[in-house]
Amino acid sequence: MAEQTKLWGVLAEFDNPLKLMKASEAVRDAGYTKWDTYTPYPVHGLEKAMGLKDSWLPFITLGAGITGTAVAILMQWWMNAVDYPINISGKPMWSLPANIPVAFELTVLFAALSTFGGMMFLNDLPKFYHPTFRSKAFKRVTTDRFFLAIEAADPRFDQARTEELLRSMHCTDVQSLED
Amino acid sequence: MSAHHKVEIPDEQLRLGSGVSKLWIVFLLIGVVALGAGYFMGQGSDETREQFFRSYLQNFSYFLSLAVGCLFFVLIMRLCRAGWSVSLRRMAEIFSMTLIPLALLMLLIIPGIHDLYEWSHADHVEGDKILQGKAPWLNEGFFKFRLVFYGLLWAGMAWFFARGSIRQDQSKDHKITNRLEGLAAPAMFIFALSVTMAAFDLLMSLYPHWYSTIWGVYFFAGSFLGAVSMMVLLFHFLQRTGVLQNVVTAEHFQDLGKLMFAFVVFWAYIGFSQFMLIWYGNIPEETMWYKARMIGFGEGGWADVSALLLVGHFIFPFFFLMSRHLKRRGITLIFGAAWLLVMHWIDMHWMVMPQLHPAGPSLGLMDVLCFLGVGGIFLGFGLWQLGRQALIPVGDPRLHESLSFENA
């Protein structure tokens, strides 16, 4: 098969988080939308510098939690009062206080699993390939280097000008990556 | 990155303004006058005396719980070597020191023992096997001794931890931090045991035939919730007077809000745990306590108060405090904190009063006087102490962490 080369984007390398922060602010202010940063550890304030919006994750958690409560109560109502009524210590067939522990547990279970699953989904994980893997320099992202990648799919992307912008932010290196 | 900024704060930001620093006299006067009036009016007849001591016990327990919650804040933050909360700790230290006047006010329960506690009547104990069995613990002499003991113990602990921190303001000695952090561990054990026992003695022994082993935890859950809510209000009040700007930030308020949220859930969890076991077991000697609180639903009976607590002390604040934005905005968090302080008061009322007014809650002048009385002395003493030192522990080695703290 003939090798097709298609530009994916440009990758800039920084040797400290402060420079990455400044660069992120510049890229944000220049109006780019399809770009991301990569760091070896969580950098406080980077989400503001990147202009990231609040995550949807809390609403997934809330929705799943409420679903868990509802499922637990419906399940117990169905099992204890409808499908197989059985009198336990003279309580009513369907009695809310007895249902609360299970409702609590299912709320927590649904909320926790959905938070984990929702986090994976919102982050496009799991992912087995990413164009940044083509870069040798990128291997240091898990130890001591900080990266910023702007995708060619970004409407404002222009290889020469984008690279120029990144260079002006004191990165140690800029390279273009193929898809 | 703001994580390692050196933050310079002007000195006048860290001292109570001259107007506010004189407020304490007003509060203290209101407190003494109201309490004196209540006590005097209470001497009229057996009925008024019973009402006075009930109201007094309830309001005393309310403000005691706030002070005890502040002491817990100091101990837990020391114990886990917290950095974020250092600039909030002085407030908790000062208000835990209100345990000193509260230790004195605790003595005012002694003349009311016969009005409050059934087990103190020899003729009741005589024909009652259960009360006889509990007599080695629940007898007047030992009870008085324990009241004095709790008072001295808590006042001593609060004073000791606050004094170390205040001394550090001048000396900047890091060793004080190390020592207090080490001592916070045994202090926490003593705290847990003494608060449990005091909750048994002051509140649970109102119903000497009834018992609940989780009672102390229930009292504690409300205490810490109340204390954190009170701190939110105090910090906002102080900031309105122009101090602590950029020292206590939205980040700190958000975290106090998280603690409020957590303890709303904890309170409900403990409260329900207590209820469910008794409900499930369905033994008359245990259910009687809840039965007294589940009558007159929709008719102004105690069942209405129980329902109010379920909704107002759990369901509503649970959803309200969930939001990050509501916790970070001043006015909404103030509302949440004030709401919870009212609910905590109703919770205390619900614990103490049904015995005296079985038909339903009836608030009267005595409740107002006792609230103003204990509250005035509590706030007055706290504000007086607050005016005497810096508003944050300026000598603490972790202060910079707190000043530049940001939520992830």
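In what follows, the structure referred to is the one given above.
Residues numbered from 1 in each chain as written. Chains lettered and ligands numbered in written order. Predicted model: local features only at pLDDT ≥ 70, side-chain atom pairs only at ≥ 80, totals over all residues. Heavy atoms only, no water.

Asks: Help me out: how do you make sense of the overall build of chain B in this one?
Replies: For chain B, the helix and strand inventory stands at 17 helices and zero strands. In terms of overall dimensions, chain B is globule-like: its C-alpha atoms have a radius of gyration of 22 Å, near the 22 Å expected for 408 residues. Counting only C-alpha atoms, chain B reaches 70 × 40 × 40 Å along its principal axes. Considering chain B as a whole, with its 408 residues, one finds that 54% of them fall into the buried category. Nonlocal contacts in chain B, meaning residues at least 24 apart in sequence, comprise 81% of its contacts between residues at least 6 apart. Carbon and sulfur atoms provide 68% of the accessible area of chain B, an area that totals close to 17100 Å². Between the averaged position of the 28 positive side-chain charges in chain B and that of its 28 negative side-chain charges there is a distance of 11 Å. (Helix = DSSP H or I, 4+ residues; strand = E, 2+ residues; numbered from the N terminus. Rg over C-alpha atoms; globule rule 2.2 N^0.38 Å. Buried < 20%, exposed > 50% of the residue type's maximum accessible area, 1.4 Å probe, protein only. Contact = heavy atoms within 4.5 Å. Areas by Shrake-Rupley, 256 points an atom, 1.4 Å probe, with all protein chains shown as cover. Lys, Arg positive; Asp, Glu negative; His and termini not counted. Charge placed at Lys NZ, Arg CZ, Asp CG, Glu CD.)

Asks: How should I be thinking about the packing of aromatic side chains in this particular structure?
Replies: The relative placement of two aromatic rings is captured by the distance of their centres and the angle of their planes. With the rule as written, the count across this model stands at 58 aromatic pairs over all chains. Here the aromatic rings of B:Y62 and B:F63 are separated by 5.0 Å at their centres, their planes lie at 80 degrees, and the arrangement is edge-to-face. Both residues of the pair, B:Y62 and B:F63, count as buried. When the ring of B:F316 is compared with that of B:F320, the centres are 5.5 Å apart and the planes differ by 40 degrees; the resulting orientation is tilted. With B:F316 and B:F320 both in helix α13 (residues 302-320), this residue pair falls four residues apart, about one helical turn. On the accessibility criterion, B:F316 (32% relative accessible area) is partly exposed. Among the aromatic side chains, those forming a connected cluster through ring pairs are B:Y207, B:W210, B:W215, B:Y218, B:W267, B:F272, B:F275, B:W289, B:Y290 and B:W350. If you follow A:K91 out to its NZ or CZ, it ends over the ring of B:Y280, 5.3 Å from the centre. We note B:K327 situated over the ring of B:F261; from NZ or CZ to the ring centre the distance is 5.8 Å. (Phe/Tyr/Trp six-rings, centres within 6.5 Å; stacked < 30°, edge-to-face > 60°. Lys NZ or Arg CZ within 6 Å of the ring centre and 35° of its normal.)

Asks: Just to check I follow, could you spell out the interface of chain A and chain B for this structure?
Replies: Interface size, as often reported, equals the accessible area lost upon joining of the parts. The interface is formed by 16 residues belonging to chain A together with 13 residues belonging to chain B. Between chain A and chain B, roughly 1300 Å² of surface is buried when both sides are summed, and carbon and sulfur atoms account for 72% of that area. Of all residues in chain A, A:H44, A:K91 and A:P97 give up the largest surface area on contact with chain B, accounting jointly for 35% of the area buried on that side. Counting every contact that joins chain A to chain B gives one salt bridge. Our count for the chain A to chain B interface comes out at three residue pairs in polar contact (both at pLDDT 80 or more). For the side of chain A that touches chain B, the secondary-structure elements that each account for two or more residues are α1 (17-29) and α4 (96-122) of chain A. When residues of the side of chain A that touches chain B are assigned to their parent elements, the largest contribution, five residues, is made by α4(A). Residue composition of the side of chain A that touches chain B, by class: ten nonpolar, three polar and three charged. (Buried area = accessible area lost by both parts, 1.4 Å probe. Salt bridge = Lys/Arg side-chain N within 4 Å of Asp/Glu carboxyl O. Polar contact = N/O pair within 3.5 Å; in protein donor to acceptor, adjacent residues only side chain to side chain. Nonpolar A, V, L, I, M, F, W, Y, C, P; charged D, E, K, R; others polar.)

Asks: Which parts of the structure should I look at to understand the packing of α13(B) against helix α15 (residues 330-352) of chain B?
Replies: How two helices pack is summed up by the angle between their axes together with the distance between the axes. All names here are of chain B. Their axes nearest at 10 Å, the elements α13 and α15 cross at an angle of 155 degrees. Taken together, α13 and α15 sit at an angle that is classed as roughly antiparallel. The two elements α13 and α15 meet at a crossing, and its hand is left-handed. Facing W302, V305, S306, L308, L309, G312, H313, F316, P317 and F320 of α13, the residues of α15 in contact are T332, F335, G336, W339, L340, M343, H344, I346, D347, H349 and W350. Within the contact of α13 with α15, the residues separate by chemical class into 13 nonpolar, seven polar and one charged. (Axes fitted to C-alpha atoms, helices over the stretch in contact; angles between N-to-C directions. Parallel < 35°, antiparallel > 145°, perpendicular 65-115°, else oblique. Left-handed = near helix turned anticlockwise from the far one by under 90°.)

Asks: Explain the sheet that holds strand β2 (residues 35-38) of chain A to me, please; I cannot follow it from the model alone.
Replies: Residue and element names in this part refer to chain A. Strand order in the open sheet made by the four strands is β2-β3-β1-β4, with antiparallel pairing throughout. Pairing within the sheet leaves two strands with one partner each, and these edge strands are β2 and β4 (173-178). Averaged over all pairs of adjacent strands, the angle between their axes in this sheet comes to 20 degrees, without regard to strand direction. Packed on one face of the sheet, α1 meets β1 (7-14), β2 and β3 (146-151) and runs near 20 degrees to β3. In this fold helix α5 (residues 159-167) packs onto β1, β3 and β4, with an angle of close to 10 degrees to the strand it touches most, β1. (Pairing = 2+ DSSP bridges.)

Asks: Is there a simple way to explain α13(B) in this structure?
Replies: Three- or four-residue spacings in an α-helix give side chains the same orientation, since the helix completes a turn every 3.6 residues. Residue and element names in this part refer to chain B. With 19 residues, α13 should reach 27 Å at 1.5 Å per residue; the first-to-last C-alpha distance of 25 Å fits that figure. Taken as a whole, α13 carries its principal kink of about 25 degrees at V311. Restricting attention to buried positions, one finds in α13 the residues W302, A303, V305, S306, L309, G312, H313, P317 and F320. Where α13 is buried, its residues meet α10 (215-240), α11 (250-281), α14 (324-328) and α15. (Expected span 1.5 Å × (residues − 1). Bend = angle between axes of the 7 residues up to and from the residue.)

Asks: Mind showing me how you'd approach the pattern of salt bridges here?
Replies: Residue and element names in this part refer to chain B. Tallied over the full model, the rule gives 21 salt bridges over all chains. Its salt-bridge partner being E93, residue R78 comes within 3.8 Å of it at the nearest N-O pair. With R78 in helix α2 (residues 46-79) and E93 in helix α3 (residues 86-96), the pair connects residues that are 15 residues apart, well separated along the chain. Owing to a relative accessible area of 2%, R78 belongs among the buried residues under this scheme. Notably, a salt bridge pairs D396 with R78, separated by 3.9 Å at the nearest N-O pair. Taken together, the positions of D396 in the loop between α16 (365-386) and α17 (399-403) and R78 in helix α2 put the pair 318 residues apart, joining distant regions of the chain. The pair D396 / R78 is uniform in exposure class, with both members buried. Each member of the salt-bridge network shares a partner with another, and the members are R78, R89, R90, E93, D169 and D396.

The values are spatial; any link to function lies outside them.
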